[in-house]
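Here are the chains, one letter per residue:
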Amino acid sequence: MGLLSRAPADRLEALWKTLGIDDPAFHWLRAPETGGVMVRGRMGGTGAPFNLGEMTVTRCALRLKQGADGHAYVQGRDKAKARRAALVDALMQTDRADDLRRGLLAPLAQDMADAAASRAARAEATKVAFFTMVRGED
Amino acid sequence: MYVAVKGGERAIDNAHAWLAEERRGDPSVAELSVAQIRVQLALAVNRVMAEGSLYDPDLAALAIKQARGDLIEAIFLIRAYRTTLPRLGASRPVDTGAMRCDRRISATFKDAPGGQVLGPTFDYTHRLLDFKLAAEGELPQAETAQADPAPMPRITDYLNRDGLIQPEPAAEDTPPDLTREPLELPANRALRLQALARGDEGFVLSMAYSTQRGYGRNHPFVGELRVGAVTVEMDIPELGFAVEIGEVELTECETVNQFVGSKTEPPQFTRGYGLTFGHTERKAISMALVDRALRWQELGEDDTGAPAQDAEFVLYHADNIQASGFLEHIKLPHYVDFQSELELIRKIRAEASAAQAAADREAAE
């Protein structure tokens, strides 16, 4: 669900299309709804919690005609993406799980790992290498 | 006294239509897209998210466009939108120790494990205008290096190990929320941190600066400043476990400040803490200094009468939306209020001049 919550909506939809799975029949347990989640931090990074500010989140829940339930909590306000994420979550409990893992979740995980590695490589290049100037005396 | 006055609708409609035209500006210049603002004015977007107290870069960019670049107006738009959102819950406290750092520096330890990582910073630039940016430029390209997967431990953990700094013991209390209950004094540290995190950057900066100049001095060092991505998790009741609901960019500043001690306890450094949405390090450092100044009571320090030690003064004046709301309302029609003031001053002046005339007559007689 973490991968789906952070995935760019257009990338998620494009990967879904490559799977060639028709949208399964379902009904809503909870129609897509956008709201705020209060993000908390800790004093000093490790201490007691405090409220930092909110972030937008869209959630929904659905039940496939064949029985499985799917839940989604995705960052942002995209209801279509929440629906797609919940469908994937539900289908992960069916015989489609392997296809989804291979064709959708693995590429999303790879995208995120690549993006993180690309930032980490840029950060590494800005790491300071200190050296001490040799002084004249012995 | 307030009375309803009708009229002016046509003038208001036309003013708003002209505002829209002015917002667009010269139509021969290409229109700015929300995505351009989000990506290329990212630090403005970050400030609007931090003080709007809502993490959503697309919305913040839209607000900046709508506000014609007036960031306080944009923050106002975000705050207004925020109130329309149902609250889905609260996250688990984020683990900033596991931050994927773009930037991480310590002003106290040169050889900090994990290194001094400068990241995309304005520091050490010469602050000379770069006229190349005004021309069509080549696509800039950052250097890269093989990343070191070693963790970046907290600097304060080192001091903590030797007992040299006050510990920050974990707790799981539900913190107070000033968006649900009005901010009342005395405000505990959790409430103060929330107010400072959404407070006006300029105000919090000036308060912090005043402590450096001697009004409630507390000798801060930036023990650590880190900027990067943090995963947000929330417990989902219907699932019975926590899931990742997204990722936010945060700036965290931990200051190491002058020590306190007593006859029974050896001296220890103390801490100030700043945490803000986005890459907003001036704000995070300022927040840490003001947080530390406001802790004078719990640390047994003297009240020197400094503004930054006065929780009421700081917390009730830090919010730029409250401040500008009250300030700017005085430009709206106050005709009836003013009419009564006019009548009062005319009456006093008439009485004064009558008394003066009587006195003059007496003197002449």
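- The name an unreviewed UniProt entry assigns to chain B is Alpha-D-ribose 1-methylphosphonate 5-triphosphate synthase subunit PhnI, from the organism Rhodovulum adriaticum.

- Chain A has the name Alpha-D-ribose 1-methylphosphonate 5-triphosphate synthase subunit PhnG in an unreviewed UniProt entry, where Rhodovulum adriaticum is given as its organism.

Some thoughts on the overall build of chain B
Next, step 1: Tallying secondary structure elements over chain B gives twelve helices and six strands in all.
Next, step 2: Compactness check: chain B gives a C-alpha radius of gyration of 27 Å against a globular reference of 21 Å for 365 residues, more than 25% above the reference.
Next, step 3: Overall size of chain B, expressed as C-alpha extent along the three principal axes, is 95 × 70 × 55 Å.
Next, step 4: When burial is assessed residue by residue, chain B has 38% of its 365 residues classed as buried.
Next, step 5: Residue pairs at least 24 apart in sequence account for 65% of intrachain contacts in chain B once pairs closer than 6 positions are excluded.
Next, step 6: Taken as a whole, chain B presents about 21,600 Å² of accessible surface, with 57% of it coming from carbon and sulfur.

Topic: the side chain of A:T58
All names here are of chain A.
Next, step 1: Looking at the secondary structure, you find T58 in strand 2 (residues 49–64).
Next, step 2: Here the side chain of T58 touches G76 through a polar contact of 2.7 Å, landing on its backbone oxygen.
Next, step 3: In contact with T58, other than residues within four places in its own chain, are E33, T34, A72, Y73, V74, G76, R77, D78, K79 and A82.

So, the pattern of salt bridges
Next, step 1: Within the structure shown, the criterion is met by 43 salt bridges over all chains.
Next, step 2: For A:R63, the salt bridge is made with A:D69, and the minimal N-O distance between the two is 2.6 Å.
Next, step 3: Of the charged contacts in the structure, one is a salt bridge between B:D111 and B:K110, with a shortest N-O distance of 3.4 Å.
Next, step 4: Using a relative accessible area of 60% as the deciding quantity, one classes B:D111 as exposed.
Next, step 5: Salt bridges here are not isolated pairs; linked through shared partners, they connect B:R154, B:E168, B:R189, B:E252, B:E254, B:R271 and B:D291.

Regarding the packing of helix 2 (residues 9–19) of chain A against helix 3 (residues 79–91) of chain A
All names here are of chain A.
Next, step 1: At their nearest, the axes of helix 2 and helix 3 sit 10 Å apart, and the two run at 45° to each other. One finds that helix 2 runs oblique with respect to helix 3. Classified by chirality, the crossing of helix 3 by helix 2 is left-handed. On helix 3, the residues that touch A9, L12, E13 and W16 of helix 2 are K81, R84, A85, V88 and L91.
Next, step 2: Partitioning the contact of helix 2 with helix 3 into residue classes produces six nonpolar, no polar and three charged.

Looking at helix 3 (residues 42–52) of chain B
Next, step 1: Of the positions making up helix 3 of chain B, those classed as buried are B:V45, B:N46, B:V48, B:M49, B:A50, B:E51 and B:G52.
Next, step 2: Looking one or two residues past helix 3 of chain B, B:S53 carries a phi angle of roughly 60°, positive in sign.

A word on helix 8 (residues 201–212) of chain B
Residues and elements named next belong to chain B.
Next, step 1: Between its first and last C-alpha, helix 8 extends 16 Å over twelve residues, near the 16 Å set by a 1.5 Å rise per residue.
Next, step 2: Within helix 8, the full set of buried residues consists of E201, F203, V204, M207, A208, S210 and T211.
Next, step 3: Among the structural elements, helix 3, helix 7 (189–197), helix 9 (281–294) and helix 10 (311–317) are those in contact with the buried residues of helix 8.
Next, step 4: Capping the start of helix 8 is the job of one residue whose side-chain oxygen sits 3.0 Å from the backbone nitrogen of G202: D200.
Next, step 5: Once helix 8 finishes, G214 follows within two positions and takes phi at roughly 125°, a positive value.

Parameters and conventions
- Residues numbered from 1 in each chain as written.
- Chains lettered and ligands numbered in written order.
- Predicted model: local features only at pLDDT ≥ 70, side-chain atom pairs only at ≥ 80, totals over all residues.
- Heavy atoms only, no water.
- Helix = DSSP H or I, 4+ residues; strand = E, 2+ residues; numbered from the N terminus.
- Rg over C-alpha atoms; globule rule 2.2 N^0.38 Å.
- Buried < 20%, exposed > 50% of the residue type's maximum accessible area, 1.4 Å probe, protein only.
- Contact = heavy atoms within 4.5 Å.
- Areas by Shrake-Rupley, 256 points an atom, 1.4 Å probe, with all protein chains shown as cover.
- Polar contact = N/O pair within 3.5 Å; in protein donor to acceptor, adjacent residues only side chain to side chain.
- Salt bridge = Lys/Arg side-chain N within 4 Å of Asp/Glu carboxyl O.
- Axes fitted to C-alpha atoms, helices over the stretch in contact; angles between N-to-C directions.
- Parallel < 35°, antiparallel > 145°, perpendicular 65-115°, else oblique.
- Left-handed = near helix turned anticlockwise from the far one by under 90°.
- Nonpolar A, V, L, I, M, F, W, Y, C, P; charged D, E, K, R; others polar.
- Expected span 1.5 Å × (residues − 1).

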